[in-house]
Amino acid sequence: MSLVVFPMPPCTNCNKTTLPFVAALTGGLCFFCFKKWRHHSTATPVIGNMDEWSDASKRSRSYEKGAQVAYFDEYYWCDSCKKPCVFSATDQKHVYEVKKRYFLQRRKLCDACWEAAPH
């Protein structure tokens, strides 16, 4: 019986070695960096105004005339580079109320991958 040794990849944030299955689950981060990344946000919401949403968003079931909405930081993994990203509450307010994007639209790419993608 032979022993199979897997290489210990470094954390993409702090360069400490981490177990391969941990790196696969966390997108290349060790558990300590993943925990900090996931919970570093101050849970202070950015208050928005639903009346500033796009017409398509106003036709949704979530719209209430004159109501306020609270935006919180949203954490996600980039579909292209698999790195952790944050869709900040201030960015959400800008995207949904100034750029008038549909409010259920979510980010899938980080800023670097978005700019590198052909559109």
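Please refer to the structure placed before this passage.
For every chain, the first residue of the written sequence is number 1, and numbering continues from 1 onward in sequence order. For a predicted model such as this one, the threshold for reporting local features is a pLDDT of at least 70, and the threshold for listing and counting side-chain atom pairs is 80 or more; totals across whole chains, interfaces and linings nevertheless cover every residue. Only heavy atoms go into the side-chain values, all of them from the structure, while hydrogens and water stay out.

Trainee: Please provide a residue-by-residue account of the pattern of salt bridges, values included.
Mentor: Each salt bridge in this description consists of a side-chain nitrogen of Lys or Arg and a carboxyl oxygen of Asp or Glu lying within 4 Å of one another. Tallying each qualifying case throughout the model produces four salt bridges. Its salt-bridge partner being K100, residue E52 comes within 3.8 Å of it at the nearest N-O pair. Here E52, found in the loop between β1 (46-49) and α3 (55-58), pairs with K100, found in the loop between α4 (89-98) and α5 (111-116); they are 48 residues apart in sequence, far enough to count as distant. Measuring nitrogen to oxygen at the nearest pair gives 3.6 Å for the salt bridge that ties D111 to R107. Take R107: its relative accessible area is 26%, and that puts it in the partly exposed class. Comment: elements are numbered from the N terminus, with helices defined as DSSP H or I runs of at least four residues and strands as E runs of at least two. Think of it in three bands: residues with accessible area under 20% of the maximum for their type are buried, residues over 50% are exposed, and the middle band is partly exposed, with areas taken using a 1.4 Å probe on protein chains only.

Trainee: I'd like a rundown of the packing of aromatic side chains, residues and numbers included.
Mentor: Each pair of aromatic rings is reported with the distance of its centres and the angle of its planes. For Phe, Tyr and Trp, rings pair up if their centres lie within 6.5 Å, where Trp contributes its six-membered ring, and each pair is then called stacked (planes under 30 degrees apart), edge-to-face (over 60) or tilted (otherwise). In total, this model carries four aromatic pairs according to the counting rule given. Aromatic side chains Y102 and F103 sit 5.4 Å apart centroid to centroid with 55° between the ring planes, which places their arrangement in the tilted category. Overall, the relative accessible area of 33% leaves Y102 in the partly exposed class. An aromatic cluster is present here, built from W53, Y102 and F103 joined pairwise through their rings.

Trainee: Help me get a handle on the environment of Y63, residues and values and all.
Mentor: With respect to the helices and strands, Y63 occurs in the loop between α3 and β2 (68-71). Separated by ten residues in the primary sequence, Y63 and W53 have C-alpha atoms spaced 8.8 Å apart. A contact between two residues is defined here by any heavy atoms of the two lying within 4.5 Å. Residues in contact with Y63, not counting those within four places in the same chain, are M50, D51, W53, S57 and K58.

Trainee: For the side chain of Q92, give the residues involved together with the corresponding values.
Mentor: Here Q92 shows up in helix α4. The exposure class of Q92 is buried, given its relative accessible area of 3%. Apart from the residues lying within four places of it in its own chain, the contact partners of Q92 are Y71, F72, D73, E74, F87 and E97.

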